[in-house]
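Here are the chains, one letter per residue:
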Amino acid sequence: MDKLVSLAKRRGFVFQSSEIYGGLGSVWDYGPLGVELKKNIKERWWRSMVHERHDIEGLDAAILMHPKVWEASGHVSGFTDPLVDCKQCKNRFRADDPRIKGTPGQPDAQCPGCGSKGTLTAPRQFNLMFKTFMGPVEEQAAVIYLRPETAQGIYVNYLNVLQSSRQKIPFGIAQIGKAFRNEITPGNFIFRTREFEQMEMQFFVKPGSENEWFENWRAERMKWVEGLGIRREKLRWHQHGKDELAHYAKDAYDIQYEFPFGWQEFEGIHNRTDFDLSNHQKHAGKKLEYLDPKTNERFIPYVVETSAGADRTTLVVLCDAYREEEVKGDEASEGGDTRVVLKLKPSLAPLKAAVFPLVNKDGMPELAHKIHDDLRRYFNVFYDDGGSIGRRYRRQDEAGTPFGVTIDGQSTQDQTVTVRDRDTLKQDRVSATKLVDYLTQKLAG
Ligand code: GAP
């Protein structure tokens, strides 16, 4: 993991937030390559969930919502983690921290921070929502929350979307947006952070059909994850036991990935029943029933939710792509006999190609600039004329750039270039006029 974190910083994928001030705990910024990678993942999700389906609509709800939303959703009372304090070192830990020996609140409990015995308090519930104030007065009446999940923005708009889009049940609403949780034990780089992005879809169905839709969405979501190019043996399902289920869920399955720190979830499929809509109906005093135009039945729809973290999915993609390899042949003598390479699926890679003049003379830079200008109209491409060609290839391997376009002596004679494939290291000679078509074909999928 340390190697990936260091590559992410070195190559401009992810930086610690406010680093020059010593950093802000578990908050991260995406650099030039990271923002492209995460954007490509989000766009792929949006395309498959909204554009390619006739039964799902998109939404972008505000982060700030009426405070009663979070009472109705159960987050004010139920979105908590049990915490213990050490009276000696003043540190805070989750009560289920595996490093705690003994029972917190009892004399035998040992603080995992300072090692003192009997200094840990009994567990207390700690709400994970960030609070802030709306308007100029810092008083209880003005308290609002930063949303801890994007789903609620969808529930409170379900009738607006239904009516304006003229959808009929079953149908879904999809949204990508920021969520915030004051996590007690954040960590593992961008795996668990206090500010993150979710890609969530709520699918509204007739009561009684939710189990079928639940299975349907489980299959759809695994297919999408596999489409990211993730190795199948690194993926598995985990069904929540009774003690793991969130306060709103009747059934839940996680898609887990085998991270360097173990198997962990990065997406969940939840049967939320009519929990959220019924509670909003009660708290808002507004009818949220659906009138079935065929049967004239009225009911509150059940909800099957698919909820993925954009940052966690980005981490999965990065971890799965990271390889250290031996290099043989010409490339070994030019750039060294080992390389670090991100074998990202080409359509997800931040940069699609890099353009290299072999040397900075003999008309090569002029032709290379022209090719770079032509390509950038279609793809995100990079120009690099610094150092040996072997070193330039290696830099792009670390960035996950799938193709290296080299302009050499022959190029100025016959307008052809070599295209080096990041994974096979094989080179094709391609006419400069056919380069856009060649790359378009290779980047599909
Ligand atoms: N609306 C349902 C919901 O929020 P969740 O299991 O709490 O369910 C869904 O979160 C996904 O959001 C997780 O699988 C994960 O990818 C992402 N996520 C949750 N908390 C996160 C955190 N603190 N940092 C990064 N991603 C997080």
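So, here is what we can say about the structure in this document. Starting from 1, residues in each chain are numbered consecutively following that chain's sequence as written. In keeping with the model being predicted, local features are shown solely for residues with a pLDDT of at least 70 and side-chain atom pairs are shown and tallied solely at 80 or more, while totals for entire chains, interfaces and linings include all residues. Only hydrogens and water are set aside; all other atoms, that is, all heavy atoms of the structure, feed into the side-chain values.

Turning to the overall build of the protein, a few remarks are in order. Starting at the N terminus, helices and strands are each numbered in turn, a helix being any DSSP run of H or I of at least four residues and a strand any DSSP run of E of at least two. The helix and strand tally for the protein stands at 14 helices and 23 strands. Taken along its principal axes, the extent of the C-alpha atoms in the protein is 75 × 70 × 50 Å. Relative accessibility thresholds used throughout: buried, under 20% of the residue-type maximum; exposed, over 50%; partly exposed, between the two (1.4 Å probe, protein chains only). Taking all 445 residues of the protein together, 51% fall into the buried category. Throughout, a residue-residue contact means that at least one pair of heavy atoms, one from each residue, lies within 4.5 Å. At a minimum sequence separation of 6, the contacts of the protein that also span at least 24 residues come to 64%. Surface accessibility follows the Shrake-Rupley procedure with a 1.4 Å probe radius. Residue values consider only the protein chains on display as shielding. Carbon and sulfur atoms provide 48% of the accessible area of the protein, an area that totals close to 21,400 Å².

Here we take up the pattern of salt bridges. When a carboxyl oxygen of Asp or Glu lies within 4 Å of a side-chain nitrogen of Lys or Arg, that pair is called a salt bridge. Using the criterion set out here, one finds 38 salt bridges in the structure. Ionic pairing is found between Arg218 and Glu215, a salt bridge with its closest N-O pair at 3.2 Å. Remark: Glu215 and Arg218 occur in helix H7 (residues 210–226); sequence separation between them is three residues, near one turn of the helix.

Moving on, we come to the site of the ligand. As a structural note, the neighbourhood of the ligand is formed by 19 residues, with Glu149, Glu183, Thr193, Glu200 and Glu265 the closest of them. Here an oxygen atom of the ligand sits 2.9 Å away from a polar atom, N or O, in the main chain of Phe266. One nitrogen or oxygen atom from the side chain of Glu305 is found 2.8 Å from a nitrogen atom belonging to the ligand. Its free accessible area being 550 Å², the ligand has 93% of it covered by the protein chains. Every element with two or more residues in the shell around the ligand is listed here: strand E10 (195–205), strand E13 (262–273) and strand E16 (302–309). For the shell around the ligand, the element with the most residues is E13, which contributes five residues. When we say a residue is near a molecule or strand, we mean one of its heavy atoms is within 4 Å of it. In the analysis that follows, any N or O atom pair within 3.5 Å is treated as a polar contact, provided that within protein one partner can donate a hydrogen and the other can accept it, and provided that, for residues neighboring in sequence, both atoms belong to side chains.

In this section: the packing of helix H2 (residues 32–51) against helix H9 (residues 310–321). Inter-axis angles, ranging from 0 to 180 degrees, are taken between N-to-C directions of lines fitted to C-alpha atoms, where helices are fitted over the stretch in contact. Where H2 contacts H9, the axes come no closer than 10 Å and their chain directions differ by 110°. As the angle between them shows, H2 and H9 are arranged roughly perpendicular. The interaxial crossing formed by H2 with H9 has right-handed handedness. Where H2 approaches H9, its residues Leu37, Lys38, Ile41 and Lys42 are matched on the opposing element by Ala310, Asp311, Thr313, Thr314, Val317 and Leu318. Three classes are used: nonpolar for Ala, Val, Leu, Ile, Met, Phe, Trp, Tyr, Cys and Pro, charged for Asp, Glu, Lys and Arg, and polar for all others, with Gly counted as polar. Looking at the contact of H2 with H9, its residues break down into five nonpolar, two polar and three charged. We call two directions roughly parallel when the angle between them is under 35 degrees, roughly antiparallel when it is over 145, roughly perpendicular when it lies between 65 and 115, and oblique otherwise. For any pair of crossing helices, the crossing counts as left-handed if the nearer helix is rotated counterclockwise from the farther one by less than a right angle, and right-handed if it is rotated clockwise.

Running from amino to carboxyl end, H2 crosses H7 at an angle of 140°, the nearest separation of the two axes being 12 Å. You can see that H2 and H7 cross each other, and the crossing is right-handed. Where H2 approaches H7, its residues Ile41, Arg44, Trp45, Ser48 and Met49 are matched on the opposing element by Trp217, Arg221 and Trp224. Taken together, the residues of the contact of H2 with H7 break down into five nonpolar, one polar and two charged.

Judged by nonpolar contacts, the single largest core of 55 residues is most densely connected at Phe13 and Trp217. Among the elements that line this core, the one with the most residues is H9, at seven residues. Those residues within four positions of Trp217 in sequence are excluded, and the remaining contacts are Met49, Arg53, Ile56, Met201, Phe203, Ile269, Val304 and Thr306. We call a set of buried Ala, Val, Leu, Ile, Met, Phe, Trp, Tyr and Cys residues a nonpolar core when their side-chain atoms join them within 4.5 Å. One finds Ala353, Ala368, Val417 and Val430 within the second-largest nonpolar core, a separate group that totals 21 residues.

With respect to the helices and strands, Arg312 occurs in helix H9. Here the positive residues are Lys and Arg and the negative ones are Asp and Glu; neither His nor the chain ends is included. One buried charged side chain, Arg312, makes no salt bridge at all; its nearest oppositely charged neighbour is Glu265, positioned 4.4 Å away. Those residues within four positions of Arg312 in sequence are excluded, and the remaining contacts are Ile190, Phe191, Arg192, Phe259, Glu265 and Phe266.

Our focus in this paragraph is the state of the cysteines. Criterion for a disulfide: a pair of cysteine sulfur atoms within 2.5 Å. For the coordinates displayed, the defined rule picks out zero disulfides. Sulfur of Cys86: no disulfide; nearest cysteine sulfur belongs to Cys111 and is 3.6 Å away. The buried category is assigned to Cys86, whose relative accessible area is 2%.

Those residues of helix H1 (residues 2–10) lying buried are Leu4, Leu7 and Ala8. Within H1, the buried residues cover an arc of 100° as seen down the axis, which keeps them to one side. For H1, the elements touching its buried residues are strand E1 (14–16), H9, strand E17 (322–326), strand E18 (338–342) and helix H12 (389–399). One or two positions beyond H1, positive phi appears at Gly12, with a value near 80°. Relevant arc is that of directions from the helix axis to the C-beta atoms, nothing else.

Across the sheet, which stays open at both edges, the seven strands sit in the order E3-E9-E10-E16-E13-E12-E11 with mixed pairing between neighbours. Every other strand in the sheet has two partners, leaving strand E3 (56–59) and strand E11 (235–239) as the edge strands with one partner each. Along the sheet, successive strands turn relative to each other by an average axial angle of 25°, direction set aside. Two strands pair under a simple rule: DSSP has to find at least two bridges between them. Alignment of E11 against strand E12 (residues 251–259), held across five bridges, turns out to be antiparallel. What sits directly across from His238, in E12, is Asp254.

Attention now moves to H12. H12 sits mainly inside the fold: nine of its eleven residues count as buried. Turning to H12, its buried residues are Ile389, Gly390, Arg392, Tyr393, Arg394, Gln396, Asp397, Glu398 and Ala399. The positive-phi residue at the C-terminal boundary of H12 is Gly400, with phi of around 80°.

On to the environment of Val5. One can find Val5 in helix H1. Residue Val5 is classed as partly exposed on the basis of its relative accessible area, which comes to 26%. Residues Val5 and Asn160, spaced 155 residues apart in sequence, show a C-alpha to C-alpha distance of 43 Å.

With that settled, consider the pairing of strand E9 (residues 171–180). Counted residue by residue, E9 has nine buried out of ten residues, so it is predominantly covered. Note: E3 against E9, four bridges, orientation parallel. Within E9, the residue paired with Ile56 across the bridge is Gly172. For E9 and E10, the ladder comprises ten bridges, and the chain directions are antiparallel.

Here we take up the side chain of Glu210. For Glu210, the position within the fold is in helix H7. With near-sequence residues (within four places) excluded, Glu210 lies in contact with Val205, Asn271, Tyr302 and Val304.

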